[in-house]
Amino acid sequence: MNTNTGNTMNQEGKLVPFTPGQPADETWRKSIPAQVFLNHFFAIDFHIQRQDDLFDLTRFPLFQDFEPRLTDEQIKSLEKLLLNSWSAEYALRITPVVNDNQYLQSSLHWTFPQAYYSVLFSVRAFLHTMGEPVSNEEIIRRRIGNMVVRGYYPASVGFYASGPLNNYRTMRLPMAKLDIAKPDLTLPSRESAAQIEIAQFLKTSRDQRIKALRQAIQNNPKTALRSVKTGKILQKFGVEQYKQLGKQIGYTTYFDALSRLRISSTNREIERFVESEIDVRLFHESLVNIVSHINAVHEAYIAKALGIQSYNQLIAKLPSYLQEGFLRERLQTVIEPMLQGDQQAFRVAA
């Protein structure tokens, strides 16, 4: 990333043009990684809003044919997973209401993981309806990758990257051409710029995962790749070795992007945001929109599997703060119309 292009931020917290050779404020220089991260998530939100394709699900054969049979035990587990997802989304939603930027800045320590875990539990609930009670996050990541490629998701979140290091293929982002355009520090204002940002986000996320896998493999003498000639552990990887790693990690999708919001002993990206000069409120809004959209996709499949009556009964069991809030709105404006539209499409086809 070229830090001598894009914007700087003034004392009021607004982005202003930054030209080459101009001395930038040191705090803003330190904020550049955080601004890049914000730009990536803002771009995903921008792309989702522009596509506006949630109701396209009703035309997907995979959605139309989605009629798994659920046991009572599966439904009970499903309810717990959804409660976890919705509770995390609720917590994420209420944080930006606070009109205190310093509080919002420090709240990133919990809003980042809330966004990730809300989607994680939503994904688990989705997989549960398919008879896959998976909890291992790496297995979930690979399953979601396969489902994105197969077409379970609308175009707004159906993008993915594949291939070996330094030779990735970015799919379903037709306006992103990494070889001739690079993202800068400006928030994307056009669909082409948003797609370039998303493609770059997929690339850096895939870079991280491939490099981490290489380190894990090579640090273990039992799994390490070795030279055919000498038998010694390889210190440098070539094209063939990276092809192996690329196949091993599968596809890189929206789930990998959200995984970078996790906070763990090995993931310290959060630290760069707490002291940065970025629009934290905008970051919150983007996360809320992204989480809501992805969860709505999963909930549509789940409601179709349960039947709208049973799904309504499930929501009726929830605490009132969940039942009457964003879930009620999503039920009335998305889930119910979507299932009614799917039934009408089925009748026409018949």
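All values reported here derive from a predicted model rather than from experimental measurement.

A. Structural context of the overall build of the protein. Check the secondary structure of the protein and you find 13 helices and 4 strands. Residues counted as buried form 50% of the 350 residues belonging to the protein. Put simply, of all contacts in the protein between residues at least 6 apart along the chain, 72% involve residues at least 24 apart.

B. Layout of the nonpolar core. Ranked by size, the top nonpolar core spans 84 residues in total, and within it Phe41, Trp86, Tyr153 and Tyr254 carry the most contacts. Sort the elements by how many residues they give to this core and helix H10 (residues 280–306) lands first, with 16 residues. In this structure, Phe41 is in contact with Phe201, Ala257, Leu258, Leu261, Phe283, Ser286, Leu287 and Ile290, ignoring residues within four places of it in sequence. One finds Leu165, Ile210, Leu234 and Leu245 within the second-largest nonpolar core, a separate group that totals 11 residues.

C. Focus on the packing of aromatic side chains. Evaluation of the coordinates by the stated rule reveals 21 aromatic pairs. Geometrically, the ring pair formed by Phe42 and Phe46 is tilted, given 6.2 Å between the ring centres and 40° between the ring planes. A residue pair is termed a helical-turn pair when its members lie 3 or 4 positions apart in one helix, as Phe42 and Phe46 do in helix H1 (residues 26–51) at 4 residues. Like Phe46, Phe42 is buried. Its end group placed over the ring of Phe63, Lys304 keeps NZ or CZ at 5.8 Å from the ring centre.

D. Looking closely at the confidence of the model for the protein. For the protein, per-residue confidence averages 86 on the pLDDT scale, and residues scoring 70 or more make up 81% of the total. Low pLDDT, under 50, characterises residues 1–23; the predicted model gives this stretch 47 contacts beyond four residues in sequence or across chains. Overall, residues 345–350 carries pLDDT values under 50, and its contacts beyond four positions in sequence, including any with other chains, amount to 0 contacts.

E. Here's a closer look at helix H7 (residues 239–249). Those residues of H7 not exposed but buried are Tyr242, Leu245, Gly246 and Ile249. Down the axis, H7 shows its buried residues gathered within 100° of arc, on one side only. Away from its buried face, by an angle of more than 90 degrees, H7 presents the exposed residues Glu240 and Lys247. Those residues of H7 that are buried lie in contact with helix H5 (137–150) and helix H6 (191–218). Of the residues flanking the end of H7, it is Gly250, one or two places downstream, whose phi is positive at about 75°.

F. How the structure looks around unusual backbone geometry. For Asn166, which is not a glycine, the phi torsion comes out positive at approximately 70°. When you line up the elements, Asn166 lands in the loop between strand E3 (160–162) and strand E4 (169–171). Phi is positive for Arg172, close to 65°, though the residue is something other than glycine.

G. A look at the packing of helix H3 (residues 72–94) against H10. Two elements in contact, H3 and H10, have axes separated by 11 Å at closest approach and are oriented at 160°. In terms of orientation, H3 lies roughly antiparallel with respect to H10. In this structure, H3 crosses over H10, and the sense of that crossing is left-handed. Side by side, H3 and H10 meet where Ile75, Leu78, Leu82, Ser85, Trp86, Glu89, Leu92 and Arg93 of the first sit next to Leu287, Val288, Val291, Ser292, Asn295, Glu299, Ile302 and Leu306 of the second. Counted by class, the contact of H3 with H10 contains 10 nonpolar, 3 polar and 3 charged residues.

H. Molecular detail of the side chain of Ser286. Of note, Ser286 is situated in helix H10. Given a relative accessible area of 0%, Ser286 falls into the buried group. For Ser286, the residues in contact, after removing those within four places along its chain, are Phe41, Phe42 and Asp45.

I. Up close: the layout of surface pockets. The computed volume of the largest pocket comes to approximately 430 Å³. What lines the largest pocket is a set of 16 residues, and nearest its centre among them are Leu54, Ser292, His293, Arg330 and Val334. Where the lining of the largest pocket is concerned, the elements lending two or more residues are H1, H10 and helix H13 (326–349). When residues of the lining of the largest pocket are assigned to their parent elements, the largest contribution, 5 residues, is made by H13. Its residues assigned to classes, the lining of the largest pocket comprises 6 nonpolar, 5 polar and 5 charged.

J. Geometry of the environment of Asn146. Its place among the elements puts Asn146 in helix H5. Note on Asn146: relative accessible area 35%, which makes it partly exposed. For the pair formed by Asn146 and Tyr160, sequence separation is 14 residues and the distance between their alpha carbons is 10.0 Å.

So, how was this worked out
Residues numbered from 1 in each chain as written. Predicted model: local features only at pLDDT ≥ 70, side-chain atom pairs only at ≥ 80, totals over all residues. Heavy atoms only, no water. Helix = DSSP H or I, 4+ residues; strand = E, 2+ residues; numbered from the N terminus. Buried < 20%, exposed > 50% of the residue type's maximum accessible area, 1.4 Å probe, protein only. Contact = heavy atoms within 4.5 Å. Core = buried A, V, L, I, M, F, W, Y, C linked by side-chain atoms within 4.5 Å. Phe/Tyr/Trp six-rings, centres within 6.5 Å; stacked < 30°, edge-to-face > 60°. Lys NZ or Arg CZ within 6 Å of the ring centre and 35° of its normal. pLDDT = per-residue confidence, 0-100. Arc of directions from axis to C-beta. Axes fitted to C-alpha atoms, helices over the stretch in contact; angles between N-to-C directions. Parallel < 35°, antiparallel > 145°, perpendicular 65-115°, else oblique. Left-handed = near helix turned anticlockwise from the far one by under 90°. Nonpolar A, V, L, I, M, F, W, Y, C, P; charged D, E, K, R; others polar. 1 Å grid on protein atoms, 1.4 Å probe; cavity = no way out; pocket = protein on both sides within 12 Å on 5 of 7 lines; lining within 4 Å. Points joined across faces, edges and corners; volume = space filled by probe spheres on them.

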